[in-house]
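What follows is the residue order along each chain.
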Amino acid sequence: MTEDFDLRAPELTGDDLLVLEDPRFGPETVAIVTGAASGIGRATAVGLAANDLTVVGADIDAEGLDETAAIADDLDVPGTVHGVETDLTDDGEVEAVVEAAADEGDLRFVANIAGMQHIAGIHEFPMEKYDMLTDVMLRSPFKMAQATMPHIRDTDDGVGAIANMSSVHGHYATKDKPAYITAKHGITGLTRAIAAEGDGSLRSFSVSVGYVLTPLMVDQIEDTAEERGIVEQEVVEDVMLGQARTKEMMTPAEVANLFTFGFSRHANHLNGADLLFDGGYTHTYE
């Protein structure tokens with residue numbers, strides 16, 4: 001780690017995005033991406049549009065959704081990004097964005113990426129924050145699966161996939177993130193449940209990564225520094241990357257590329273499982 005490590009989220013470029021040939025990657029295929037107004041969700045929405053998909057981005061941040069669509073336009077990707085302002089904790093709004101997506105073409109893919117964080121120990125964790133985190137990151141993906149699975153099955157071949165954003169914190173626990181950890185462990189079960197009911201053609205998978213340089217992560221660095229009484233550089237070097245073998249944070253585009261691969265024909269055997277790209281956090285230690 002260098003002293004001048006840049007803690008700003010990187011700018012998204014076309015060269016960052018994985019583009020694959022796939023018979024179902026075309027404008028007639030629709031993907032829903034939640035959390036599309038920033039970070040990993042934004043990069044995934046643009047990345048899927050770079051593969052010529054029609055993308056419906058769902059987020060409560062309407063201005064952020066407009067910025068995501070503008071980035072897709074600026075990069076001149078072949079697909080399109082349509083933003084739909086959506087409160088993912090409202091079942092009616094989730095159903096509405098699903099219907100809007102289905103009206104655009106063959107709804108085949110869902111990327112449940114929306115997330116949030118609150119740093120506090122269990123003994124002082126506000127229950128309203130717990131409810132909000134688990135509603136956004138666990139209940140909403142369940143509702144999204146419930147609403148989208150019939151549409152995926154109704155395509156001509158029933159082929160599609162529902163992907164869920166997990167984390168290294170879906171594999172182990174650290175202190176001061178109890179709601180996040182609870183939600184990410186739960187998303188593993190939901191992913192497997194969808195796969196069990198998908199009959200092979202409707203797949204489900206999760207994506208687990210370590211620390212990604214997103215706006216949410218920049219805020220978390222500040223919160224963790226305050227919570228632990230250390231400077232932000234120490235949070236990055238010792239708390240976040242201390243256990244990793246790869247001593248750099250992932251970019252949102254690198255995570256987005258995992259969703260693109262997972263949706264493609266190259267991942268037909270990825271079902272009920274987790275794509276773990278964590279730089280060595282989970283299975284190595286000193």
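Scope of this entry: the structure provided in the associated data block. Position numbers for residues start from 1 in each chain and track the written sequence from start to end. Local features in a predicted model are, by the rule used here, given only for residues with pLDDT of at least 70; side-chain atom pairs are given and counted only at 80 or more, and totals for whole chains, interfaces and linings are based on all residues. As a convention, hydrogens and water are excluded, and side-chain values are obtained from all of the structure's heavy atoms.

This part takes up the overall build of the protein chain. A count of helices and strands for the protein chain gives eight helices and seven strands. Computed over the C-alpha atoms, the radius of gyration of the protein chain is 18 Å, within 12% of the 19 Å expected from 2.2 N^0.38 for a compact globule of 286 residues. Expressed along its principal axes, the backbone C-alpha trace of the protein chain runs to roughly 55 × 40 × 35 Å. By residue count, 52% of the 286 residues in the protein chain fall in the buried class. In this description, contact between two residues means that some pair of their heavy atoms is separated by no more than 4.5 Å. In the protein chain, of all internal contacts separated by at least 6 residues, the share reaching a separation of at least 24 is 77%. Each accessible area value is a Shrake-Rupley result obtained with a 1.4 Å probe; residue values ignore everything except the protein chains displayed when judging cover. Put simply, the protein chain shows about 12,700 Å² of open surface, and 48% of that area lies on carbon and sulfur atoms. Computing the positive centroid from 17 side-chain charges and the negative centroid from 52, the protein chain places the two 8 Å apart. The helix and strand labels rest on DSSP assignments: H or I over at least four residues marks a helix, E over at least two residues marks a strand, and numbering proceeds from the N terminus. We compute the radius of gyration from the C-alpha atoms alone; for a globule the expected value is 2.2 Å times N to the 0.38, where N is the number of residues. Using a 1.4 Å probe on the protein chains alone, a residue whose accessible area is under 20% of its type maximum counts as buried, one over 50% counts as exposed, and one in between counts as partly exposed. Note that His is not counted, nor are the chain ends; the positive residues are Lys and Arg, and the negative ones are Asp and Glu. The atoms used to mark charge sites are NZ of Lys, CZ of Arg, CG of Asp and CD of Glu.

Let us now look at the layout of surface pockets. The computed volume of the largest pocket comes to approximately 860 Å³. Taken together, 39 residues line the largest pocket, and the ones lying closest to its centre are Ile 113, Ala 114, Gly 115, Met 116 and Leu 216. Counting residues per element, the ones that place at least two in the lining of the largest pocket are helix H1 (39-50), helix H4 (127-153), helix H5 (178-197) and helix H6 (215-228). Looking at the lining of the largest pocket element by element, the count peaks at five residues for H6. Side-chain classes follow a simple rule in which Ala, Val, Leu, Ile, Met, Phe, Trp, Tyr, Cys and Pro form the nonpolar group, Asp, Glu, Lys and Arg form the charged group, and the remainder, Gly included, forms the polar group. Class assignment of the residues belonging to the lining of the largest pocket gives a composition of 19 nonpolar, 14 polar and six charged. Reported here for the second largest pocket is a volume of approximately 310 Å³. Breaking the lining of the second largest pocket down by element, the ones donating at least two residues are H1, helix H2 (62-74) and helix H8 (252-263). Per-element tally for the lining of the second largest pocket: the top contributor is H8, with four residues. Here a cavity is any set of points on a 1 Å grid over the protein atoms alone where a 1.4 Å probe fits but cannot get out, and a pocket is any open set with protein on both sides within 12 Å along at least 5 of 7 lines; a residue lines the site when it has an atom within 4 Å of a point. Grid points are joined across faces, edges and corners, and a volume is the space filled by probe spheres set on the points.

Turning our eyes to something else, we now look at the side chain of Ser 166. Note that Ser 166 resides in the loop between strand E5 (160-165) and H5. Residue Ser 166 is classed as buried on the basis of its relative accessible area, which comes to 3%. A distance of 3.4 Å separates polar atoms of two side chains, one belonging to Ser 166 and the other to Ser 208. Those residues within four positions of Ser 166 in sequence are excluded, and the remaining contacts are Lys 184, Ile 187, Thr 188, Ser 206, Val 207, Ser 208 and Asp 274. Here a polar contact is recorded for every N or O atom pair within 3.5 Å, except that within protein the pair must consist of a potential hydrogen donor and a potential acceptor, and residues adjacent in sequence are included only if both atoms are side-chain atoms.

Note: strands within a sheet are paired through backbone hydrogen bonds, in either parallel or antiparallel orientation. Paired strands are those between which DSSP finds at least two bridges. The strand order across the open sheet formed by seven strands is E3-E2-E1-E4-E5-E6-E7, and the pairing between neighbours is parallel. Looking at the sheet topology across the chains shown, the edges are occupied by strand E3 (80-85) and strand E7 (273-277). On average, each strand axis in the sheet is tilted by 20° relative to the strand beside it, whichever way the strands run. Here strand E2 (residues 54-59) pairs with E3 via six bridges, running parallel. Each bridged residue has a counterpart across the sheet, and for Asp 59 the counterpart in E3 is Glu 85. Convention adopted: a line fitted to C-alpha atoms gives each axis, helices being fitted over their contacting stretch, and angles between N-to-C directions are expressed from 0 to 180 degrees.

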